[in-house]
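A structural walkthrough
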Amino acid sequence: MESATPVIVAIDGPAGTGKSSTSKAVAAQLGLSYLDTGAQYRAITWWMVSNGIDIGDPSAIAAAAGKPEIVSGTDPQGPTITVDGVDVAAPIRTQEVSSKVSAVSAVPEVRARITELQRSIAASAEQGIVVEGRDIGTTVLPDADLKIFLTASPEARAARRSGELKGSDVHSTREALIKRDAADSSRKTSPLAKADDAVEVDTTELTLAQVIECVVTLVEEKRAGK
Ligand code: DC
């Protein structure tokens, strides 16, 4: 039987644009693997915090960057993440990790380590993969078959995030998101950025189902060689 060549889809954008929900659903519908690269940066941050590394000291972070073993399970129906064999899916979502992840992920040694891991996961995905993050289309997988850049207004992003965090207040969520985006966009090493050849989708006025349909259609068009 003829097998389709693997398709690589890069989905980038700031927090709260629906990246994770969209990426997981698109991968599940199309039978592709799924990789949440933010979870990997959160996992290494969790390890640094748990091991008493000073987050304010980039050289201490750089020196420890090679130590934790991070493993991502790429089934979109049940993605997993472990550090040294410990399931960290819940602890990587705490406020403490969210407030420290930008500082850790700005360190070049951390990015080099995680980028290498991401490339090897993408290369071994037999059917193809949807990889979501901040620098996937620009740095990690510049030859991806399709690049999507999701955006939404700060208000929509904060409202979605506080809904996810079950009732936390929208104003403080908005402030925290804006601060994290500014840090992620202004760092020297592979900042959050739209690749020149990415398709930008503004999700402010769209439902999740509409965004998923839009991305699935774009992947199918690519596969059909349009
Ligand atoms: O997608 P997320 O909000 O869980 O990502 C958490 C942080 O990880 C984000 O604030 C910046 C960092 N990150 C990154 O630097 N590069 C990526 N490709 C993905 C995430």
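Calculation rules
- Residues numbered from 1 in each chain as written.
- Predicted model: local features only at pLDDT ≥ 70, side-chain atom pairs only at ≥ 80, totals over all residues.
- Heavy atoms only, no water.
- Axes fitted to C-alpha atoms, helices over the stretch in contact; angles between N-to-C directions.
- Helix = DSSP H or I, 4+ residues; strand = E, 2+ residues; numbered from the N terminus.
- Parallel < 35°, antiparallel > 145°, perpendicular 65-115°, else oblique.
- Left-handed = near helix turned anticlockwise from the far one by under 90°.
- Contact = heavy atoms within 4.5 Å.
- Nonpolar A, V, L, I, M, F, W, Y, C, P; charged D, E, K, R; others polar.
- UniProt positions renumbered as here; feature names shortened; annotations may be inferred.
- Buried < 20%, exposed > 50% of the residue type's maximum accessible area, 1.4 Å probe, protein only.
- Near = heavy atom within 4 Å.
- Polar contact = N/O pair within 3.5 Å; in protein donor to acceptor, adjacent residues only side chain to side chain.
- Salt bridge = Lys/Arg side-chain N within 4 Å of Asp/Glu carboxyl O.
- Pairing = 2+ DSSP bridges.

In this section: the packing of helix H4 (residues 95–105) against helix H8 (residues 170–186). Closest axis-to-axis distance for the H4/H8 pair is 9 Å, and the angle between their directions is 20°. When the axis of H4 is compared with that of H8, the two are roughly parallel. Crossing handedness for the pair H4 and H8: left-handed. Contacts between H4 and H8 involve Ser 98, Val 101 and Ser 102 from the former and Arg 180, Ala 183 and Asp 184 from the latter. By residue class, the composition of the contact of H4 with H8 is two nonpolar, two polar and two charged.

Here, the residues flagged by UniProt with the feature "binding site: ATP" (unreviewed entry) are Gly 13, Pro 14, Ala 15, Gly 16, Thr 17, Gly 18, Lys 19, Ser 20 and Ser 21. In this fold, Gly 13 is placed in the loop between strand E1 (7–12) and helix H1 (19–30). Residue Gly 13 is classed as buried on the basis of its relative accessible area of 0%. Among residues more than four places away in sequence, those in contact with Gly 13 are Lys 19, Gly 133, Arg 134, Phe 149, Leu 150 and Leu 192. As for its placement among the helices and strands, Ala 15 is situated in the loop between E1 and H1. Take Ala 15: its relative accessible area is 2%, and that puts it in the buried class. If near-sequence neighbours (up to four positions away) are discounted, Ala 15 is found in contact with Arg 134, Arg 157, Arg 161, Leu 177, Arg 180 and Asp 181.

Around the ligand lies a shell of 17 residues, among which Arg 42, Arg 111, Asp 135, Arg 180 and Asp 184 are the nearest. Here Thr 37 contributes a side-chain N or O atom positioned 3.1 Å from a nitrogen atom of the ligand. In this structure, Arg 180 approaches the ligand through a side-chain N or O atom, which is 2.7 Å from an oxygen atom. Of all the secondary-structure elements, those providing two or more residues to the shell around the ligand are helix H2 (37–50), H4 and H8. Ranked by residues supplied to the shell around the ligand, first place goes to H2 with four residues. For the shell around the ligand, the class distribution of residues is three nonpolar, five polar and nine charged.

A word on the pattern of salt bridges. Enumeration according to the criterion identifies nine salt bridges in this entry. Ionic pairing is found between Glu 96 and Lys 100, a salt bridge with its closest N-O pair at 3.0 Å. Separated by four residues within a single helix, Glu 96 and Lys 100 lie in helix H4, roughly one turn from each other. In this structure, the salt-bridge partner of Arg 187 is Asp 184, at a minimum N-O distance of 3.8 Å. Because the salt bridges share partners, they merge into one network encompassing Arg 134, Asp 184 and Arg 187.

Another aspect to go through is the sheet that holds strand E7 (residues 146–151). The sheet built from five strands is open, its strands ordered E2-E6-E1-E7-E8 with parallel pairing. Both outer strands of the open sheet, strand E2 (33–36) and strand E8 (199–202), are each paired with one neighbouring strand and no more. The mean inter-strand angle of the sheet, taken between neighbouring strand axes irrespective of direction, is 20°. Bridge count between E2 and strand E6 (residues 128–133): four bridges; the pairing is parallel. Counterpart to Ser 33 in the pairing with E6 is Ile 129. H1 rests against E1, E2, E6 and E7 of the sheet, and its axis sits at about 180° to E6. Taken strand by strand, H2 contacts E2 and E6, and its axis lies near 45° from that of E2.

So, about the environment of Ala 198. Within the secondary structure, Ala 198 sits in the loop between H8 and E8. Residue classification places Ala 198 among the buried residues on the basis of a relative accessible area of 13%. Along the primary structure Ala 198 and Ile 148 are separated by 50 residues, whereas in three dimensions their C-alpha atoms are 5.1 Å apart. Among residues more than four places away in sequence, those in contact with Ala 198 are Lys 147 and Phe 149.

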